Amino acid sequence: MLSIDRQSQTPIYEQIVSQAETLIETGYFASDEPLPSVRTLSKELAINPNTIQKAYSELERRKLCYTVPGSGRFISSEAAQIIRESRRQHLPEFRRLARMMKQAGVSLEELLEIVKTAYEGGNDHD
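Just so it is clear, the structure is predicted and the values come from calculations on it, not from any experiment.

Conventions and cut-offs
- Residues numbered from 1 in each chain as written.
- Predicted model: local features only at pLDDT ≥ 70, side-chain atom pairs only at ≥ 80, totals over all residues.
- Heavy atoms only, no water.
- Core = buried A, V, L, I, M, F, W, Y, C linked by side-chain atoms within 4.5 Å.
- Buried < 20%, exposed > 50% of the residue type's maximum accessible area, 1.4 Å probe, protein only.
- Helix = DSSP H or I, 4+ residues; strand = E, 2+ residues; numbered from the N terminus.
- Contact = heavy atoms within 4.5 Å.
- Polar contact = N/O pair within 3.5 Å; in protein donor to acceptor, adjacent residues only side chain to side chain.
- Axes fitted to C-alpha atoms, helices over the stretch in contact; angles between N-to-C directions.
- Parallel < 35°, antiparallel > 145°, perpendicular 65-115°, else oblique.
- Left-handed = near helix turned anticlockwise from the far one by under 90°.
- Nonpolar A, V, L, I, M, F, W, Y, C, P; charged D, E, K, R; others polar.
- Pairing = 2+ DSSP bridges.
- Expected span 1.5 Å × (residues − 1).

Caption draft 1: Highlighting the nonpolar core. Ile16, Ile24, Leu35, Leu45, Ile52 and Leu59 are the most contacted members of the largest nonpolar core, which totals 21 residues. Elements with a contribution of two residues or more to this core: helix H1 (12-25), helix H2 (38-45), helix H3 (49-61) and helix H4 (79-88). When residues of this core are assigned to their parent elements, the largest contribution, five residues, is made by H1. Contacts of Ile52, omitting those with residues within four sequence positions, involve Ile16, Val38, Leu41, Ser42, Leu45 and Ile47.

Quick look at the structure:
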């Protein structure tokens, strides 16, 4: 389900948030489904519970989950929609970057190949 790349420059809590967003967006975590407990996930990933707590607090701040006292955290009913809308907000920046690449002489074919590689989960480095 969730995994940590200890070699990554990305902080562990951000890795958890990003992976949780992907799992929500793809339907792996459904609305009103409980998230793994802090203790369970901490043991599973062999990381400090405070790191999990920080990630879960961020998910809650983004309205992707909610807390039921005594029961844990659950995926909010609007979580998938919030994530989709958030990601779509990056489209104007993507368009701006595409225009810059054109001006820099990057061909449409090169740009499409970069996008295709990114979509397929390929390496971000040349």
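There's plenty left to go through after this.
Caption draft 2: Layout of the environment of Thr67. With respect to the helices and strands, Thr67 occurs in strand E1 (residues 65-68). For Thr67 and Gln19, which are 48 residues apart along the polypeptide, the C-alpha to C-alpha distance reads 19 Å. Contacts of Thr67, omitting those with residues within four sequence positions, involve Glu60, Gly72 and Arg73. A distance of 2.9 Å separates polar atoms of two side chains, one belonging to Thr67 and the other to Glu60.

Caption draft 3: Main features of the packing of H2 against H3. Interhelical geometry of H2 versus H3 gives an angle of 120° and a closest axis separation of 9 Å. Comparing the axis directions of H2 and H3 gives the class oblique. Viewed along their axes, H2 and H3 form a crossing whose handedness is right-handed. Where H2 abuts H3, its residues Val38, Leu41, Ser42 and Leu45 lie against Pro49, Ile52, Gln53 and Tyr56. In the contact of H2 with H3, the residues fall into six nonpolar, two polar and no charged.

Caption draft 4: The arrangement of the pairing of strand E2 (residues 72-75) in detail. Strand direction decides the pairing type here: E1 and E2, joined by four bridges, are antiparallel. Its bridge partner being in E2, Val68 is matched across the sheet by Gly72.

Caption draft 5: How the structure looks around the environment of Val68. Within the secondary structure, Val68 sits in strand E1. Note: C-alpha distance between Val68 and Gln7 (61 residues apart in sequence) is 34 Å.

Caption draft 6: Structural context of H1. In this model, H1 (14 residues) spans 20 Å end to end at C-alpha, consistent with the 20 Å of a helix rising 1.5 Å per residue. Burial in H1 covers these residues: Gln15, Ile16, Val17, Ala20, Glu21, Leu23 and Ile24. Looking one or two residues past H1, Gly27 carries a phi angle of roughly 90°, positive in sign.

Caption draft 7: Summary view of the side chain of Arg73. With respect to the secondary-structure elements, Arg73 resides in strand E2. Polar contacts involving the side chain of Arg73 include one to the side chain of Glu60, which spans 3.0 Å. Beyond its immediate stretch of four places on either side in the chain, Arg73 contacts Glu33, Pro34, Leu35, Val38, Gln53, Tyr56, Ser57, Glu60, Cys65, Tyr66 and Thr67.

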